[in-house]
Each structure stands twice: as structure tokens, then as C-alpha cells.
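Reading the structure
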Amino acid sequence: MRKPLLRGVTSGRGSFSQDSPKKEDDADLNRKSGTGVIENGFVPEAFSPGPIRNRQKLIVSFLRYSSLVIVVLALTGSFWWTLSLTSVSSHKPFRGYRRLQEQLVSELYEIGDLSLALSKSRELEFCSEEFENHVPCFNISENLALGFSDGKEYSRHCEHLTKQNCLLLPPVNYRIPLRWPTGKDVIWLANVKITAQEVLSSGSLTKRMMMLDEDQVSFRSMSNTFGVEDYSHQIAEIIGLRNVSHFAQTGVRTILDIECGFGSFGAHLYSHQLLTMCLANYEASGSQVQLTLERGLPAMIGSFSTKQLPFPSLSFDMIHCARCHVEWEKKDGIHLVEADRLLRPGGYFVWTDPVMNSQRSPRKKDSRKKWNVVRLLAENLCWEMLPQQDETVVWKKTSKKSCYAARKTASPALCSKDRDFETLYYRNLQPCIGGSNSRRWIPIENRRKWPDQGQLNSTELLMHAGLASDELSVDTVYWHNAVTNYWSLLSPLVFSDHPKRPGEEDPSPPYNMMRNVMDMNAQFGGLNDALLRTGKSVWVMNVIPAKGTNTLPLIFDRGFLGVLHDWCEPFPTYPRTYDLVHAQGLLSLEFTDKPRCQMMDLFVEMDRILRPEGWVILKDTIHLIELARSIVTHFKWEARIVEIESSSDERLLICQKPFLKQQSS
């Protein structure tokens, strides 16, 4: 049986209870039958005058209520005094007061029964079954009803968001995902919203490699005709490489896979230290993003519609589109211009589509027209087309800015400096070429190769204003120690708490089921770097809050993945997609200076994206951690506060989401 973490309060200490009646030592007092006195010392009702008895009851009631009022006033005064002490500057702390304050806070939370009863009465209700796979801000039918069309119905629309303050239950037959790397090739059918017919009928290049086996879906790297390995090898040959393992030598590390199928292309490339982000539209059933995340691979909901994607300019070394449904030739090629913004100098754009064969077929006039439009647009973007093979064509983006001045036509034009930003949050698509004004314009072949890329040198850091090399070095050491401490805290708990599967032995180190990790306030990507350096088999979604300093370009330059996001809005992912959610300083950032939303909303979103038995690690100031601890009691989470250092004004809050099963109807 699992050992539950401390759930908000300490049991057994400080609970309120009524004292048992005190027995008199003098036996004569208990046996004065002549006066009618019985053992409790009061006169029996038959001999007790009415006014005297009423007066006694009134006195007892008054004493009880007075005691309760005194306790409540004392707790209220102590609590506000505690908060006032917490606000003392960390630069000039009053050590004695801090010790007294910490003891007081501990005693306040151990009072227990009163606050626990109050919190239990406020536990959030469960959402109805229709919200089982709910993704806020993405409701196609509602968007159509609101008048959105021409691709806008697939975009995120948070301005019409209706908040659902309830807890999502997993599907009836949900099971904990298999450990990595087994989970990359086999997932439980009940964990995702996809029908057996959708599995059997999937026929695109990257979808066709699925097999349905009773309650499991398995993914094969090979099909009967043409597999992912063959396809990847073909791309390598077009580029001029012997095989996929040489991608890293050309400077390829991060890849954006548009409409990735179910992630098979990225799964294959992962074994060659290539990091692929799957990007696809929201789908109510048979979701590419949901299945890819279930396999333990990077993915998020997004679309080439009317808004720029929340990635910096010059972020990806390769963009891949295999029979994706983006209409590159429409709207004056504005979607292809957006792809160019995201692509680093010298990067590759891979397009696989039957339209390539239209050149040989005079009957396919529409396809031939589409091909000619895209080919001309690519040429105007200064992309060099490499030799074509079958349905696949690869373009290489120019490494020289001088190419733009030498074009036959100046359309599309270069963005002016006042329109060429590193990252803006879902800004309207721009019809101009972005990134040319960036200090980060460095061809991929001139960048340091992975894994050296993860630790930028002083020259590379000059591209990122205000950051010194020693600052990044200190950050690296800090996060290495932090991850070591995190794992020492989590490993025994995960190891001892996790139910064993039939026929399985104890898991080998690091004793975890963690694969998908989200850092909600990633800063320099230090957590990501430390997890990889310590050999953890995880990938990290590095999220940079829109309210804070934009360090996302730095994260991509280190060879990691990330996204810009406003945490007052839901994250573009499906429910139950992350094993660990981490946030350092996020509560201070979002809720100390003019907060735009409630902390409860943030925790509702964390609960939505967290898998059953998933973990939350928060680090922040004492009073915010205590506040967060009181909030998580509404979520049925198990939680405990960990003191980092006795002299520190910060604490860790470690929580685990329980596996609450839905009853079959």
C-alpha cells in the first residue's frame, strides 16, 4: 500500500478534542444519595429547579463560544503576523524572528482538524465525462458558430474561454503508460481518444505504421512497403549525407514536424540525438498530438493559420512536412514565409507530397500549378532546391544575407527592424521575411554541434544581451545540484509507491516513470540541461512565461525545445500528457505584482495536463508556497513542504496527483 504524503496538515498532533469528564477523587461526593447527587456532580432533573438548570446551560454555552472566538482571533492575528514577517527583505533577515516564524507556521498548520474540515468541504468537483479530453481555447464547432472560417476555426481562441473549475477524470480503462523506451512503441488504447476504425484506416506516410492488438496500439518503424528508416535515409541522401546519423554533423539538432502523423518520424530521429517537435491542429479524435505525447515524444497543438507560432525566429534546423495539409501556395505564400522565419540560416525545409509527381502528368493541372507557385516562392525566399527523389523535395535556406539583395524580385520584402521581433505571443502573420535583423543569424554549419551546443561559450552568449558566460556557468552548477536533490527526494517515493505490474521486477535506477517534463518557468533551460547531463531519459518542454523576460531564443540556441506562453491561459496540449511539472519562481512572477488571474486557475490547468500519479515541484517564497499548499487541498493531491536551507526564504512544495479511477457505467 502506498505511503501517502502529508496532505496539507499533520495528523495526530494539535487536533481539537473534548476532554473527558473529570472524576472526583472523593467517593463521598459521588455517593450522596440523600441530596440526590449522582456521579457527575449535578442534581438529577427531578430535583433540579428549572431556572438554575437553564442558567447553568447558558453559562456552559457562553464559555464554549468564548473559547472558540478566542482561538479564531488568535489564529487570525498569528497568521497576519506570520505574513508580515515573511515580507522582510531577504538581504537583511532577522534570524531570530525567522526561526520563531517558521515554528509558528508549523504549529498553525498542525492545528489540523478545523482547517482540514474546511478544505475538504471545498474540494473541487469532478467534470462531466464530456470534458474527458477537453482542450480549452480549441473548440472547432464553437469557433464555427462564432463565425470563424478559412482556417481560423482551427486556431486557438481564448478570448471566449469559459473556465471549468473542476477535475478531469481519466477514461474508464485508463492505465499508467509503459516505461520509456517501451512506451515509445506501445501505448494503451484506452488512454487516448481514438477508435479502432481510425487506427485501422490510418493511411498516410507516417500514420500507416500502427497496429491494433486488443487493448494496445503498437507502432512499427517499418511498413510492408516503405518505412520511416528508408524515408529518413532518403532525406539524408538528398542532402548529400551517407545516412541519418550524419545529420548532426551538418548542424541539425531541432526539427519542427508539421502534422507529424503519430510521431514515428521524430521517434526514429530521437535515437540519433535529434529533437523533433510535433505540431498539429486540435483534433477531437485520433489526435496526432495526443498520441505522440502518449508515446513520450515532444508535441503541442498549433497550426499555420492566421497567427505566428509562439517560437522565436531562427529556431529550427529543419522543418518537415510529409503530406501535411498546409496550403503553402495560398495567401501569397504567407505560411511559407512563416516557415522561413522559424528556419535557421542553412536549415532545411523537407516537403513530401504527391504534387511532386504532377510534373510528369499533364492531366494534373491544379497540382502542377500548385507546385510551380511553391517552387517560385521558395526561390524568392532564397532557398536552394536540392535534387528531388520520388515525392520528396528538400530546400536549403540561404546562409548569406546578400542573397536577398540579389533576388530578381523583391517580394516578399525583408521585415523592417520595428517589425522583426524575436518572439511575440501569437502575433498576426507577417508577409515579410523575418530574422534578417537578428544577431542570432548564424548558419547551422557554423554553430557548435550537439552536445557541446548545450553550453554556450562567451562568443555565442554575446548574441543574448545582458548574459555573461559566468552567469550561465553558475546557473549550470545550481541546476545540477537541484536535480540531484530533486531525484533524491522523488526516487524513494516513486520506487516504493508505484504499483508493480504483473511479472515486473523492481525498476532500475532512476526508479521513475517520468518521461514528459514541463518547466513552467524555464529561464535559461537549466533544468533541461541538468536532467540530460545526469542521464535522465526525459525531454523537457521549456515554457517561458509571456509576462517575464524572453529567454526562449537562448533555450533554442542551446539545442532545447520550448514555447512562449501566458499562464493566465490554458496550455495548448491534451489532458494527462506530462509526468512532471516544475516551476521555480512562477508564483512570484504571476501573482505578486498586479496578478491578472487567480492562482486557483493555474492549479486547475496543472491538474488537467498532469498524468495520474504525476508529480509537481514548485519552488518559491515561503508565504506563496504556504498559500499554494492550502490550494492543493482542493485537488485531492498529496503534498508536503520541504525546507531547502534553514537560512533560505524559499521552500519546495512537492505534490503527487492521485490515480482517481472513473466508474464504468
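Report follows, based on the coordinates. (Residues numbered from 1 in each chain as written. Predicted model: local features only at pLDDT ≥ 70, side-chain atom pairs only at ≥ 80, totals over all residues. Heavy atoms only, no water.)

**Some words on the packing of helix α18 (residues 599-609) against helix α19 (residues 622-632)**
Running from N to C, α18 and α19 cross one another at 60 degrees; their axes reach a closest spacing of 11 Å. By the angle between their directions, the pair α18 and α19 is classed as oblique. Taken as a pair, α18 and α19 cross one another with a handedness that is right-handed. The residues of α19 that touch α18, namely those facing Met599, Met600 and Phe603, are Leu624, Leu627, Ala628, Ile631 and Val632. Partitioning the contact of α18 with α19 into residue classes produces 8 nonpolar, no polar and no charged. (Axes fitted to C-alpha atoms, helices over the stretch in contact; angles between N-to-C directions. Helix = DSSP H or I, 4+ residues; strand = E, 2+ residues; numbered from the N terminus. Parallel < 35°, antiparallel > 145°, perpendicular 65-115°, else oblique. Left-handed = near helix turned anticlockwise from the far one by under 90°. Contact = heavy atoms within 4.5 Å. Nonpolar A, V, L, I, M, F, W, Y, C, P; charged D, E, K, R; others polar.)

**Focus on the state of the cysteines**
On inspection of all chains with the given rule, the structure shows 7 disulfides. The disulfide that involves Cys127 links it to Cys166, with 2.0 Å between the sulfurs. Judged by the sign of its S-S torsion, about 100 degrees, the bond between Cys127 and Cys166 is right-handed. On the criterion of sequence distance, the pair formed by Cys127 in the loop between α3 (113-120) and α4 (140-145) and Cys166 in the loop between α4 and α5 (182-185) is long-range, its members being 39 residues apart. (Disulfide = S-S within 2.5 Å.)

**Examining the sheet that holds strand β8 (residues 343-352)**
Taken in spatial order, the 7 strands line up as β6-β5-β4-β7-β8-β10-β9 in an open sheet, and their pairing is mixed. In this open sheet, the two edge strands, each paired with only one partner strand, are β6 (299-301) and β9 (383-385). Along the sheet, successive strands turn relative to each other by an average axial angle of 20 degrees, direction set aside. With 5 bridges connecting them, strand β4 (residues 254-258) and strand β5 (residues 275-280) associate as parallel partners. Bridge pairing in β5 places Thr254 opposite Leu275. Each of β7 (316-322), β8 and β10 (392-397) is contacted by helix α7 (residues 228-239), which is oriented at about 45 degrees to β10, the strand it contacts most. Lying over the sheet, helix α11 (residues 365-380) contacts β8, β9 and β10, oriented at roughly 20 degrees with respect to β10. (Pairing = 2+ DSSP bridges.)

**Some points on the environment of Gln598**
Mapped onto the elements, Gln598 comes out in the loop between α17 (586-591) and α18. In this structure the C-alpha to C-alpha distance between Gln598 and Cys568, which are 30 residues apart in sequence, comes to 8.1 Å.

**Quick look at the pattern of salt bridges**
Here the structure, examined in full by the defined rule, presents 22 salt bridges. Put simply, Arg447 and Asp557 hold a salt bridge, and the shortest N to O gap is 3.6 Å. Of this pair, Arg447 sits in the loop between α12 (402-405) and α13 (458-461) while Asp557 sits in helix α16 (residues 552-557); the two residues are 110 residues apart in sequence, bridging distant segments of the chain. Exposure remark for Arg447: the relative accessible area of 10% places this residue in the buried category. For Asp557, a relative accessible area of 2% corresponds to the buried category. Put simply, Asp317, Arg344, Arg440, Arg447 and Asp557 are held in one network by salt bridges that share partners. (Salt bridge = Lys/Arg side-chain N within 4 Å of Asp/Glu carboxyl O. Buried < 20%, exposed > 50% of the residue type's maximum accessible area, 1.4 Å probe, protein only.)

**Quick word on unusual backbone geometry**
Cis geometry marks the peptide bond from Trp180 to Pro181, where omega comes out at 5 degrees. With respect to the secondary-structure elements, Pro181 resides in the loop between α4 and α5. The omega angle of the peptide bond from Trp450 to Pro451 is 10 degrees, so this bond is cis rather than trans. Tracing the sequence through the fold places Pro451 in the loop between α12 and α13.

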